Amino acid sequence: MAGIYIHIPWCRNVCIYCDFHFSVSMRNKAELLESMISEIDLQKEYLGGEKIETIYFGGGTPSVLSADETGRILEHIYRLFDVSGEPEITLEANPDDMAVDYLQDLRKRGINRLSIGIQSFFDDDLKWMNRRHDAGQSIKSIEAAKRAGYDNISIDLIYGIPGMEISKWYKNLEMAFSSDIQHFSAYHLTLENKTVYAHKVKKGMLQEPDEKSGSLQFELLTEMAAKMGFSHYEISNFFLPGFISRHNTSYWKQEPYLGIGPSANSYNKISRQWNVRNNSLYIKEISKGIIPSTYEMLSADDLYNEYILTSLRTAWGADENIIKENFGAGKYDHFIKQAEALIQKGKLEKNGNSFIIRPSWKFFADGIISDMFFTG
Ligand SMILES: C[S@@+](CC[C@H](N)C(=O)[O-])C[C@H]1O[C@@H](n2cnc3c(N)ncnc32)[C@H](O)[C@@H]1O
């Protein structure tokens, strides 16, 4: 079982908070797409013939591609890989790109799940973020996806924005739950280096994310999601029965995946490789038959820390048997000692063989997880 991630490295404008790799110049779009097709050829052995269960177009903004361009990439994957009969094929779409006929064309090419970058149902938040769409388009985009025939729709929302009142977050959630979505991701705003946001905070023009209000908003989020029948399966992710994100779940269960395109990373259980975050350099190297990536063999400590990092963010938690079998007695003893101390402090709980972060501590998961790392 494996997945393929395709990074589409363009955006029409710059959202102030975003540090994913993208360019706003589409000058070399055709050439770069050809390079991505060539990279698929070069990487065709990477997953060792494993069946492909999920394909994910992320970005950047994958909805800047035409349906034909997206279809061409998919056809090429189908030609070279053993794709399952019932794959999950997701495309991240921005609300301002979501015309019904375009979405229908994407469906014909094989896209069967949309992840819509709504972020907020309020114009002032969207302006603050420098999004291209407005609140009306946030609502219309979900309706367009339904009309185009999608029955597996996810949306992204952001909370913890400086000055955001809890009543506004409540209304955002009400809007989300009153629309026909099956999954959503709600991210606490993070201040990433080298973003417009970071620059403005440094100059005193904007405030840092509001962690205190953020933790109350997280509490409201989890309560409302539970009432609406959504399962909270990863810190930022929620699904209705039958609509878990298979692709993201496979990352959190350490399944192998191949990443195609500038800045994409790949993982095959023993190593990780990162493609260069530069569109021109990517094209240049691929034209010479070279995959422009840095490669890292994962040490036993890295593999253990990755397992802790991903599993403790999920509802199923870290399994002591997996730790014992995969990482050996030394790491197991370290884990049990740390986990027991965290249980004493009320931060972790044990369910069967699994250790899970308690609901009231989930918002602070990052700190708990780094306390559990093995540093030698
Ligand atoms: C790869 S981005 C999606 C890109 C898509 N083109 C869009 O803008 O809607 C995935 C999601 O991560 C979230 N995100 C990105 N940067 C963030 C940040 N600094 N803080 C919180 N959420 C962030 C946003 O909700 C975004 O939709």
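Residues numbered from 1 in each chain as written. Predicted model: local features only at pLDDT ≥ 70, side-chain atom pairs only at ≥ 80, totals over all residues. Heavy atoms only, no water.

Undergrad: Explain the layout of surface pockets to me, using residue names and the numbers behind them.
TA: Roughly 320 Å³ of internal volume is contained in the second largest pocket. Surrounding the second largest pocket, 17 residues form its lining, Lys 253, Gln 254, Tyr 307, Ile 322 and Asn 326 being those nearest its centre. Taken together, the elements giving at least two residues each to the lining of the second largest pocket come down to α11 (300-311) and α12 (320-344). Of the residues contributing to the lining of the second largest pocket, the split by class is seven nonpolar, five polar and five charged. (1 Å grid on protein atoms, 1.4 Å probe; cavity = no way out; pocket = protein on both sides within 12 Å on 5 of 7 lines; lining within 4 Å. Points joined across faces, edges and corners; volume = space filled by probe spheres on them. Helix = DSSP H or I, 4+ residues; strand = E, 2+ residues; numbered from the N terminus. Nonpolar A, V, L, I, M, F, W, Y, C, P; charged D, E, K, R; others polar.)

Undergrad: Can you break down the packing of helix α3 (residues 100-109) against helix α5 (residues 135-147) residue by residue, with the values?
TA: Remark: α3 packs on α5, axes separated minimally by 9 Å, with the N-to-C direction vectors making an angle of 45°. Classified by the interaxial angle, the pair formed by α3 and α5 is oblique. Judged by the sense of rotation from one axis to the other, the crossing of α3 with α5 is right-handed. On α5, the residues that touch Val 100, Leu 103 and Gln 104 of α3 are Ala 144, Ala 145 and Arg 147. Classifying every residue of the contact of α3 with α5 by side-chain character gives four nonpolar, one polar and one charged. (Axes fitted to C-alpha atoms, helices over the stretch in contact; angles between N-to-C directions. Parallel < 35°, antiparallel > 145°, perpendicular 65-115°, else oblique. Left-handed = near helix turned anticlockwise from the far one by under 90°. Contact = heavy atoms within 4.5 Å.)

Undergrad: Any chance you could break down the sheet that holds strand β13 (residues 318-319) for me, citing the residues and the numbers?
TA: Here three strands make up an open sheet; going across it, the order is β13-β15-β14 and the pairing antiparallel. At either end of the open sheet lies a strand with only one pairing partner, and these are β13 and β14 (348-351). Sheet topology note: the β14/strand β15 (residues 354-357) ladder contains four bridges and is antiparallel. Looking at β15, one finds that Asn 351 is bridged to Ser 354. (Pairing = 2+ DSSP bridges.)

Undergrad: Describe the packing of α11 against α12, naming the residues involved and giving the relevant values.
TA: Two elements in contact, α11 and α12, have axes separated by 11 Å at closest approach and are oriented at 95°. With respect to each other, α11 and α12 are oriented roughly perpendicular. Residue-level contacts link Ala 300, Asp 301, Leu 303, Tyr 304, Tyr 307 and Ile 308 of α11 to Ile 322, Ile 323, Phe 327, Lys 331, His 334 and Phe 335 of α12. Of the residues in the contact of α11 with α12, the class split is nine nonpolar, one polar and two charged.

Undergrad: Give me the lowdown on a nonpolar patch on the surface, citing residues and values where you can.
TA: There is a patch of nonpolar side chains on the surface, built from Val 14, Val 24 and Val 196 and spanning about 200 Å² of accessible area. Positionally, Val 24 belongs in the loop between β1 (2-8) and α1 (29-42). Given the relative accessible area of 48%, Val 24 is considered partly exposed. (Patch = residues over 30% accessible without salt bridge, like charges linked within 9 Å, V, L, I, M, F, W, Y side chains within 5 Å. Areas by Shrake-Rupley, 256 points an atom, 1.4 Å probe, with all protein chains shown as cover. Salt bridge = Lys/Arg side-chain N within 4 Å of Asp/Glu carboxyl O. Buried < 20%, exposed > 50% of the residue type's maximum accessible area, 1.4 Å probe, protein only.)

Undergrad: I'd love a proper account of the domain arrangement of the protein, names of residues and values included.
TA: According to the domain assignment, the protein contains domain 1 (2-252) and domain 2 (313-372). Each of domain 1 and domain 2 has a C-alpha centre, and these two points are 29 Å apart. Of the residues lining the interface, 13 residues belong to domain 1; the matching set on domain 2 comes to eight residues. For the pairing of domain 1 and domain 2, the buried interface totals around 900 Å² over both sides, and the portion due to carbon and sulfur atoms is 72%. Of all residues in domain 1, the largest losses of buried area upon contact with domain 2 belong to Phe 218, Tyr 233 and Ile 235, amounting jointly to 47% of the total for that side. Between the two partners, domain 1 and domain 2, sit one salt bridge. Glu 234 is paired through a salt bridge with Arg 313; the nearest N and O atoms lie 2.8 Å apart. (Domains from an automatic or database assignment. Buried area = accessible area lost by both parts, 1.4 Å probe.)

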